[in-house]
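The chain contents come next:
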Amino acid sequence: MSILVLGGAGYIGSHTVYELIDAGEDVIIVDNLTTGFRGAVHPGAKFYHGDIRDRFFMDMIFEENDIEGVIHFSAFSQVGESMKDPLKYYNNNFCGTETMLESMVRHGIDKIVFSSTAATYGEPERVPILETDRTLPTSTYGETKLAMEKMFKWTGMASGLRYVSLRYFNACGAHPSAVIGEAHDPETHLIPLILKVPLGKLDNITVYGTDYDTPDGTCIRDYIHVMDLAQAHILAFNYLRNGGESDIFNLGNGIGFSVREVIDAARKVTGLPIPEKIGERRAGDPSVLIASSEKAKKVLGWDPKYADIETIISTAWKWHRTHPNGFEE
C-alpha cells in the first residue's frame, strides 16, 4: 500500500517524501506546483500534477492507487498574504481540504497526518505553549488551519477517520546532502531571507518591528529543522497505522531565538557581514512563539536531532550556496 503525500513537491513535503522512501515506503505525490517544484520531487515517488480542489482528480487518485493514508501539506502559508487576501486562503486551504476529505471518505481512507501550525494559537497565553492552550489565531492563515483541524475532528466523529494534527513552529534548514532545500517565491521565511544577503541577492535583511515585548524588541520564534519535522510526520503516520487515536501535537525545540539572534548566528556561519534595516511590524505577528513538545516526545517517540541554531543555519547555507537559484537551475 502507498502513502499519499499532498504537497510533496513543497518544502517540508519533499523532505518528508525523501525520508519516507529511505524508510522503504511506497509514496505517491500530488502537487499543483503553485509553490512546489518539480525538481524537489523524489525520483522514486509516483507523481501526479493536480489540485486537491478538483474532486474528479482526487477521486481518480484514490481509484487508481492502493492508498493506506494521507499526509497533507497542501496549503498556502504566508501570514502577511493571508491578511491581504483572506479568500485566497479559505479557497485553497479550507475548501481544498474539504474536497479532498470528501474523496477520502468516499474511498474508505481512514488515516491522515496534517501539517498544521503554531499560528492556530495566536498570541500565546503562556510560554512554552501546550496543546491544551487557547486557540485564537491572529491571522487568516492560522484561522484556516484551525478550521481544517476542526474539519478533521467532526469528519472523524462521523466517519471513523483518524487524524494527527502537527502544530509546528518555524521550519528551517535543508536536507544534509543539499539535494533539496527551501525555495519559495516570494520568500518570506527569515533564514533564507537572511542568507540572500551573503549570496548577493539582497543588500540587507529587514527586521520587521523592534518594539515587541522581548529582550531585544524583535520577535522570538522556535526554529525546528525540516528533517526533524519530516521524522515527526512519519512517526505520526505510524502511530495511526498502529491504531492510535486522533490527536494534536506541538513540534518545536522548546528554545526561542529572536530575529536579531538568528541574524547574528547567520553572520557566524557564513563569516560574512549581513547588514540589517528596520521595517514596520507585520500584521498578525505574535511576539513570542515557543513550543512544548513533551507530548510528541512521549506519545510519538519523537527525538529531534537539530537544536543548535548555527547547525540549522549551516544546513540551509549549504543548500543556498550550492543552489543560489533554488530549483530553477
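You'll find the structure just up there.
What counts and how
Residues numbered from 1 in each chain as written. Predicted model: local features only at pLDDT ≥ 70, side-chain atom pairs only at ≥ 80, totals over all residues. Heavy atoms only, no water. Axes fitted to C-alpha atoms, helices over the stretch in contact; angles between N-to-C directions. Helix = DSSP H or I, 4+ residues; strand = E, 2+ residues; numbered from the N terminus. Parallel < 35°, antiparallel > 145°, perpendicular 65-115°, else oblique. Left-handed = near helix turned anticlockwise from the far one by under 90°. Contact = heavy atoms within 4.5 Å. Nonpolar A, V, L, I, M, F, W, Y, C, P; charged D, E, K, R; others polar. Buried < 20%, exposed > 50% of the residue type's maximum accessible area, 1.4 Å probe, protein only. Pairing = 2+ DSSP bridges. Right-handed = clockwise from strand over helix to strand, strands pointing away. Polar contact = N/O pair within 3.5 Å; in protein donor to acceptor, adjacent residues only side chain to side chain. Disulfide = S-S within 2.5 Å.

Undergrad: Explain the packing of helix α8 (residues 259-270) against helix α10 (residues 309-322) residue by residue, including any values.
TA: Interhelical geometry of α8 versus α10 gives an angle of 60 degrees and a closest axis separation of 9 Å. Relative to α10, the element α8 is oriented oblique. Considering how the two elements wind past one another, α8 and α10 form a crossing that is right-handed. Along the contact surface, α8 presents Val-262, Ala-265, Ala-266, Lys-268, Val-269 and Thr-270, while α10 presents Ile-309, Glu-310, Ile-313, Ser-314 and Trp-317. The residue inventory of the contact of α8 with α10, partitioned by class, reads seven nonpolar, two polar and two charged.

Undergrad: Any details on the pairing of strand β2 (residues 26-31)? Residues and values, ideally.
TA: In terms of burial, β2 is a largely internal element, five of the six residues being buried. Pairing geometry for strand β1 (residues 2-6) and β2, over five bridges, is parallel. The residue of β2 that forms the bridge with Leu-4 is Ile-28. In this fold, β1 hands off to helix α1 (residues 11-22), which returns the chain to β2; that crossover is right-handed. Summarising the sheet, β2 and strand β3 (residues 46-49) pair through four bridges and their orientation is parallel.

Undergrad: Break down the side chain of Ser-139 for me, with residues and values.
TA: Structurally, the position occupied by Ser-139 is in the loop between β5 (111-117) and α5 (140-159). Here the side chain of Ser-139 touches Gly-142 through a polar contact of 3.1 Å, landing on its backbone nitrogen. Non-local contacts of Ser-139, meaning those with residues more than four positions away in its chain, are made with Val-79, Ser-82, Met-83 and Ala-119.

Undergrad: Before we move on, could you go through the packing of helix α2 (residues 55-64) against helix α4 (residues 86-106) and cite the residues and values that matter?
TA: The geometry of α2 relative to α4 is characterised by a closest axis approach of 9 Å and an angle of 35 degrees between their N-to-C directions. As for how α2 packs across α4, the hand of that crossing is right-handed. Across the interface between the two elements, Arg-55, Met-58, Asp-59 and Phe-62 from α2 touch Thr-99, Met-100, Ser-103, Met-104 and Arg-106 from α4.

Undergrad: Go over the environment of His-225, please, and point to the residues and values.
TA: Topologically, His-225 is positioned in strand β9 (residues 220-225). Taking the C-alpha atoms as reference points, His-225 and Val-207, 18 residues apart in sequence, are found 22 Å from one another. In contact with His-225, not counting residues within four places along its chain, are Cys-172, Gly-173, Ala-174, Tyr-306, Ile-312 and Thr-315. In this structure the side chain of His-225 is engaged in a polar contact, spanning 3.0 Å, whose partner is the backbone nitrogen of Met-227.

Undergrad: I'd like to hear about the sheet that holds β1, residue by residue, with values.
TA: Spatially, β3-β2-β1-β4-β5-β6-β10 is the arrangement adopted by the seven strands of the open sheet, whose pairing is parallel. The open sheet has two edge strands with one neighbour each: β3 and β10 (247-251). Ignoring strand direction, the axes of neighbouring strands in this sheet form an average angle of 20 degrees. Pairing of strand β6 (residues 162-168) with β10 involves five bridges; the strand directions are parallel. Residue pairing for β10: Leu-166 is matched across the bridge by Phe-249. Along the sheet, α2 makes contact with β1, β2, β3 and β4 (67-72), crossing β3 at roughly 160 degrees.

Undergrad: Please set out the state of the cysteines residue by residue, giving values where relevant.
TA: Taken as a whole and assessed by the stated rule, the structure comprises zero disulfides. Unpaired in this structure, Cys-172 has its nearest cysteine sulfur neighbour in Cys-219, at a distance of 16 Å. We classify Cys-172 as buried; its relative accessible area is 1%. Under the relative-accessibility criterion, Cys-219 is labelled buried at 7%.

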